[in-house]
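Chain residues, written in single-letter form:
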There are 2 protein chains.
Amino acid sequence: MPVYRAKAQAGANIAFIKYWGNLDDALRLPLTNSLSMTLDRATTVTEVAFRPDLAADVLIINGVQQGGAALERVSRHLDHLRARAGLTWRARVLSENSFPTGAGIASSAAAFAALTAAAAAALGLDLSPRELSTYARLGSGSAARSVFGGFVEWVAGARHEDSYAYPIAPPSHWTLVDAVAVVSTAHKAMGSTGGHALASTSPFQPARLAHVHTALAKARSAILARDFHALGEVMELDALAMHAVMMTSRPSLLYWQPGTLAVMHAVRSWREAGIPVYFTIDAGPNVHVITLPEHESWVVAQLQAIPDVREVLVNYPGPGVRLLEREEESSPSPNTTL
Amino acid sequence: MPVYRAKAQAGANIAFIKYWGNLDDALRLPLTNSLSMTLDRATTVTEVAFRPDLAADVLIINGVQQGGAALERVSRHLDHLRARAGLTWRARVLSENSFPTGAGIASSAAAFAALTAAAAAALGLDLSPRELSTYARLGSGSAARSVFGGFVEWVAGARHEDSYAYPIAPPSHWTLVDAVAVVSTAHKAMGSTGGHALASTSPFQPARLAHVHTALAKARSAILARDFHALGEVMELDALAMHAVMMTSRPSLLYWQPGTLAVMHAVRSWREAGIPVYFTIDAGPNVHVITLPEHESWVVAQLQAIPDVREVLVNYPGPGVRLLEREEESSPSPNTTL
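What counts as what
- Residues numbered from 1 in each chain as written.
- Chains lettered and ligands numbered in written order.
- Predicted model: local features only at pLDDT ≥ 70, side-chain atom pairs only at ≥ 80, totals over all residues.
- Heavy atoms only, no water.
- Helix = DSSP H or I, 4+ residues; strand = E, 2+ residues; numbered from the N terminus.
- Rg over C-alpha atoms; globule rule 2.2 N^0.38 Å.
- Buried < 20%, exposed > 50% of the residue type's maximum accessible area, 1.4 Å probe, protein only.
- Contact = heavy atoms within 4.5 Å.
- Lys, Arg positive; Asp, Glu negative; His and termini not counted.
- Charge placed at Lys NZ, Arg CZ, Asp CG, Glu CD.
- Domains from an automatic or database assignment.
- Buried area = accessible area lost by both parts, 1.4 Å probe.
- Pairing = 2+ DSSP bridges.
- Core = buried A, V, L, I, M, F, W, Y, C linked by side-chain atoms within 4.5 Å.
- Least-squares fit on C-alpha atoms with pLDDT ≥ 70 in both.
- Phe/Tyr/Trp six-rings, centres within 6.5 Å; stacked < 30°, edge-to-face > 60°.
- Salt bridge = Lys/Arg side-chain N within 4 Å of Asp/Glu carboxyl O.
- Polar contact = N/O pair within 3.5 Å; in protein donor to acceptor, adjacent residues only side chain to side chain.

What follows covers the overall build of chain A. Helix and strand counts for chain A stand at nine helices and 14 strands. Relative to its length of 338 residues, chain A is compact, with a C-alpha radius of gyration of 20 Å against a globular reference of 20 Å. Referenced to the eigenvectors of the C-alpha coordinate spread, the extents of chain A come out at roughly 65 × 40 × 35 Å. Burial statistics for chain A: of 338 residues in total, 60% are counted as buried. Excluding contacts between residues fewer than 6 apart, the proportion of contacts in chain A whose partners are at least 24 apart in sequence is 76%. One finds the centroid of the 27 positive side-chain charges in chain A at a distance of 3 Å from the centroid of its 29 negative side-chain charges.

Quick look at the structure:
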């Protein structure tokens, strides 16, 4: 019996200029470009095996079989790729994260980047990196960025085909340190998908969208020039701007916890003391503390000393999605490579 | 030797729709109207005595003689009233607060309302309540509101004479409970006067100003209709909107502390459980928890049980500024009453 199987690995990413609010919720077309750094240690490895004898898709994450909304989201995603390949076989998807869930690192970006690459390879689809990014986006918006390594910008686009990421600079361009201060691992009351749909209810959403244009230009230039303070200033402001939109949406989304504020104030006090350190915060309570390698050990030790901080996870710029294995002999078009 | 002396008492106030950002910093002309409740227990009693034998103004707050910026601000304020009265005598000002400083209740509103009323009475100035509010505003913007009791709106105005408060409803109209959860009494890094000047640097300030118009109308109607949930919704949103402006100004003002977040989340969880309770937060870390009298004891007990809460101060709607004493025999125009 033929099996079309492949395995891929992708890193999560941390956005310096955030994605919040969609032009089209179903297609996950964002309202603005966003910009991120792909992470090297927070990765997902996903194996996809399409088989003619499966009655339904099967999804196993970290050894636990999933059903409901999680399985449905993956099935719907595989449907896009099955349609493209002209195959209807169901798949068995095995996914493993190298990092704890709920630790302030969005797992869906790495997961859908790896799933898209593995499924496309298993199906023998000859997708360009741009197409891969476009498909990954359908599963999770920020997965579009995790297709590429280093520093990545996702171009908003107004149609499915036009909304994809591209690399600004490779991981080797600039070794930034992302130390995630984990203050809570509780499940979020409102996930990102639901949150995006509320962005337009905030009186501040139009102002943030108008501001993002300038912020992106500053962040891009700062990365290319390796100007840490310029990047830090615009990154920290944009994180606060996104959370301001969240807080003032209806219903109001308050992702911060007491420990979030403790870390934010600590970062600012260290910066006042001359340490190059800034923060950014995704749709959750944990704080990504960005610094330079020569300050990593000091910053991590200080973070660990904050009572509300349970754990500190360190990442550097990482590579884009990689194909790890492929069952050449049984795939539909064996000569196609990623 | 003649002494022109009078003593007045005024309550602090808590803004439901906030004042943040000036059209004119020197005249304290705000960019928008604001709306508050005058407090009954958090009061200031101020005695002013103008004497021909004083070489300089003297300011004593809670028994401690003040110099520097505090004395200068009071002197400048008295100058406006001295100019109006055509008198150059210096004054001895004795002020006592019934509430701790740094406890999340702005003392300057009560202080400048009481100072203005006492000084005007001592000088025998026949000021209407509106004029009194206009003068109080020159010392501290929100003091314009503390001239009146109950529920008060401050009309922005574009000139000194046109920027004053008026009462929407008396204290007896609606017994709301303001339970201030004090999470920190540390001195603020940036006072309100400095903060107002930064408001225009936030990309969100124009959006908040545009939104305040609607918010004021909702708050006014909710107060007149005694609609607690309608008032709570618009009040909480506007507090978050003001803090969003503060956080995204440059430099960024982050007034919240870990305990602030703890109280905010607690209030929301109680509300989800059906308790009528909302929060608002001034330019500081302490949280004003607004509820109805039948829930006061439960809410206060719950607040006291939050580890970060050091103290809970309860206030109800209070009266406007009152003249307590006046040395009739030596005042310039003894038949003038406030």
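Once the structure has been displayed, the description carries forward.
Residues and elements named next belong to chain A. According to the domain assignment, chain A consists of domain 1 (4-173) and domain 2 (177-315). For domain 1 versus domain 2, the distance between C-alpha centres works out to 23 Å. With 32 residues of domain 1 at the contact, the number on the domain 2 side is 43 residues. Approximately 3100 Å² of surface area, both sides summed, lies buried where domain 1 meets domain 2, with 64% of it carried by carbon and sulfur atoms.

Looking now at the pairing of strand S11 (residues 277-280) of chain A. All names here are of chain A. Because side chains alternate across S11, one face comprises the buried residues Val277 and Phe279, and the other comprises Tyr278 and Thr280, equally buried. In this structure, S11 lies alongside strand S12 (residues 287-291), joined through four bridges in antiparallel fashion. The residue of S12 that forms the bridge with threonine 280 is histidine 288. In textbook terms, the turn of a hairpin is the stretch between consecutive antiparallel strands, and for S11 and S12 this stretch comprises six residues.

It is worth spelling out the nonpolar core at this point. With 58 residues, the main nonpolar core has Trp256(A), Val263(A), Leu303(A), Trp256(B), Val263(B) and Leu303(B) as its most contacted residues. Listed in part, the 40 residues of the second largest apolar core include Leu59(B), Val74(B), Ala143(B) and Val147(B).

All right, on to the relation of the copies chain A and chain B then. Screw-axis analysis of chain A against chain B gives a translation of 0.0 Å along the axis, an RMSD of 0.0 Å, and a rotation angle of 180°. With respect to symmetry, the two chain copies, as superposed, fit the operation of a two-fold axis. It is Pro258(A) whose C-alpha, among those of chain A, lies nearest the rotation axis, at 1.9 Å.

Right, let's talk about the environment of Leu59(A) for a bit. All names here are of chain A. Inspection of the secondary structure assignment puts leucine 59 in strand S5 (residues 58-61). The spatial distance from the C-alpha of leucine 59 to the C-alpha of serine 95 is 7.8 Å, given a sequence separation of 36 residues. With residues up to four places along the chain from it excluded, the contact list for leucine 59 reads Val64, Gln65, Gln66, Ala70, Leu71, Val74 and Val93.

Enumeration over the complete set of coordinates arrives at 14 aromatic pairs over all chains. Between the aromatic rings of Phe151(B) and Trp174(B), the centroid separation amounts to 6.4 Å while the plane-to-plane angle is 35°, which identifies the pairing as tilted. With Phe151(B) in strand S8 (residues 151-155) and Trp174(B) in the loop between strand S9 (164-169) and strand S10 (177-182), the pair connects residues that are 23 residues apart, well separated along the chain. Residue Phe151(B) shares its accessibility class with Trp174(B), and that shared class is buried. The rings of Phe151(A), Trp174(A), Phe228(A) and Tyr278(A) are connected pair by pair, giving a single aromatic cluster.

Contacts between the two partners involve 24 residues from chain A and, on the opposite side, 24 residues from chain B. Taken over both partners, the interface formed by chain A and chain B buries close to 2300 Å², and the fraction arising from carbon and sulfur atoms is 77%. In this structure, the connection of chain A to chain B is made through zero salt bridges. Across the contact surface, chain A and chain B share four residue pairs in polar contact (both at pLDDT 80 or more). Of all elements in the fold, only helix H6 (205-224), helix H7 (228-247) and helix H8 (258-272) of chain A reach the threshold of two or more residues within the side of chain A that touches chain B.

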